[in-house]
Structure formats: C-alpha cells, structure tokens
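Architecture at a glance
The primary structure of each chain is shown beneath.
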Amino acid sequence: MLEPSHNDELPPIPGKRYFTIGEVSELCAVKPHVLRYWEQEFPQINPVKRRGNRRYYQRQDVLMIRHIRALLYEQGFTIGGARLRLSGDEAKEETTQYRQLIRQTITELEDVLLVLRK
C-alpha cells in the first residue's frame, strides 16, 4: 500500500493542545506501531506520558512526525539519514515548523471567514 505522497494530502491539524496516538496516526497517515518505533529513533518526538503510560502528543510533535514521514517516505532517506538530517537542520526545521503552523492558521482563518460570510 502506498502512502499519500504530499503533506497537502494530510488532514489539517485541529487546534487542540494534546493528541492521542490514534489521532496522530490519522493526522500523519502512519500506523501507531510506526509512531512508537519513531519515538525510539528520533529524540525530537517526545510525547507526554500520563497514567497507564498513555501518550499525548503536542502540535510540534505532529509537525515533526509529518516532517520525518516526508523525509522517509517522499525523499527516500533511511532512518539514520533522516536522524542526521534533523540534527543538522534544527534551526531550519524550526523555521519549517513555523511556516507549517502559519499556513495551518491561515487555512483555519479562511475557513472561519467563509462561515462568517454565510
């Protein structure tokens, strides 16, 4: 089964503070067991763990997972190559995350504007 090839095809990230592993799985088109594996491989993914060892991801985790997904599935990096790329591109990555966040906010505001115009 092929994964969607562009981040544009991924659903918008809701304006929530925390996301369950199931929600992140859907938002990033990655199975939960893959997310758990990536947590071990990429220190940038650091969900909060609460009672019963349940994971709660924050918005920056979702953006990072989408970026890792793009590196692995779209750009053809290996796990090691993606890890090196992320550790070398931390400043650039922050800029990319902010751009994604801004794009997401603009989309959400445009949706609100459409509702208000009705």
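Scope of this entry: the structure provided in the associated data block. (Residues numbered from 1 in each chain as written. Predicted model: local features only at pLDDT ≥ 70, side-chain atom pairs only at ≥ 80, totals over all residues. Heavy atoms only, no water.)

**As for the nonpolar core**
Inclusion rule: In these notes, a set of buried Ala, Val, Leu, Ile, Met, Phe, Trp, Tyr and Cys residues joined through side-chain atoms within 4.5 Å is what counts as a nonpolar core. A simple rule labels every residue: compare its accessible area, found with a 1.4 Å probe on the protein chains alone, to the largest value its type can have, and call it buried under 20%, exposed over 50%, or partly exposed in between. Helix and strand labels come from DSSP, where a helix needs a run of H or I of at least four residues and a strand needs a run of E of at least two; each type is numbered from the N terminus. By definition, residues are in contact when any of their heavy atoms lie within 4.5 Å.
If you look at the biggest cluster of nonpolar residues, it comprises 22 residues, and the most contacted ones within it are Val24, Trp38, Ile45, Ile65 and Ile68. Taken together, the elements giving at least two residues each to this core come down to α1 (21-28), α2 (32-41), α3 (59-74) and α4 (79-88). Top element by residues in this core is α3. It accounts for 7 residues. With residues up to four places along the chain from it excluded, the contact list for Val24 reads Phe19, Leu35, Tyr57, Val62 and Ile65.

**Side note on the environment of Leu35**
Turning to its location among the elements, Leu35 is positioned in helix α2. In this structure the C-alpha to C-alpha distance between Leu35 and Gly22, which are 13 residues apart in sequence, comes to 9.9 Å. Setting aside anything within four residues of it in sequence, one finds Leu35 in contact with Ile21, Val24, Ser25, Val30, Tyr57 and Ile65.

**Quick notes on the side chain of Asp61**
Rule in force here: Residues scored as positive are Lys and Arg, those scored as negative are Asp and Glu, and His as well as the terminal groups of each chain are ignored. Throughout this description, the term salt bridge denotes a Lys or Arg side-chain nitrogen within 4 Å of a carboxyl oxygen of Asp or Glu.
Relative to the assigned elements, Asp61 resides in helix α3. Although Asp61 is buried, it makes no salt bridge; Arg55 carries the closest opposite charge, 10 Å away. Discounting residues that sit within four places of it in the chain, Asp61 has contacts with Gln44, Ile45, Asn46 and Pro47.

**Describing the packing of α3 against α4**
The following threshold applies: The axes used here are C-alpha line fits, helices contributing only the stretch in contact, and every angle between their N-to-C directions lies in the interval 0 to 180 degrees. To sort the angles, those under 35 degrees are grouped as roughly parallel, those over 145 as roughly antiparallel, those from 65 to 115 as roughly perpendicular, and the leftovers as oblique. By convention, the crossing between two helices is left-handed when the near helix turns anticlockwise from the far helix through less than a right angle, and right-handed when the turn is clockwise. Under the grouping applied here, Gly and all other residues not named as nonpolar or charged are polar, the nonpolar ones being Ala, Val, Leu, Ile, Met, Phe, Trp, Tyr, Cys and Pro and the charged ones Asp, Glu, Lys and Arg.
At a closest axis distance of 10 Å, the pairing of α3 and α4 adopts a crossing angle of 130 degrees. Here α4 runs oblique to α3, going by the angle between their axes. Remark: the crossing between α3 and α4 carries right-handed chirality. For the pair α3 and α4, the contacting residues are Met64, His67, Ile68, Leu71 and Leu72 in the first and Ile79, Ala82, Arg85 and Leu86 in the second. For the contact of α3 with α4, the class distribution of residues is 7 nonpolar, 1 polar and 1 charged.

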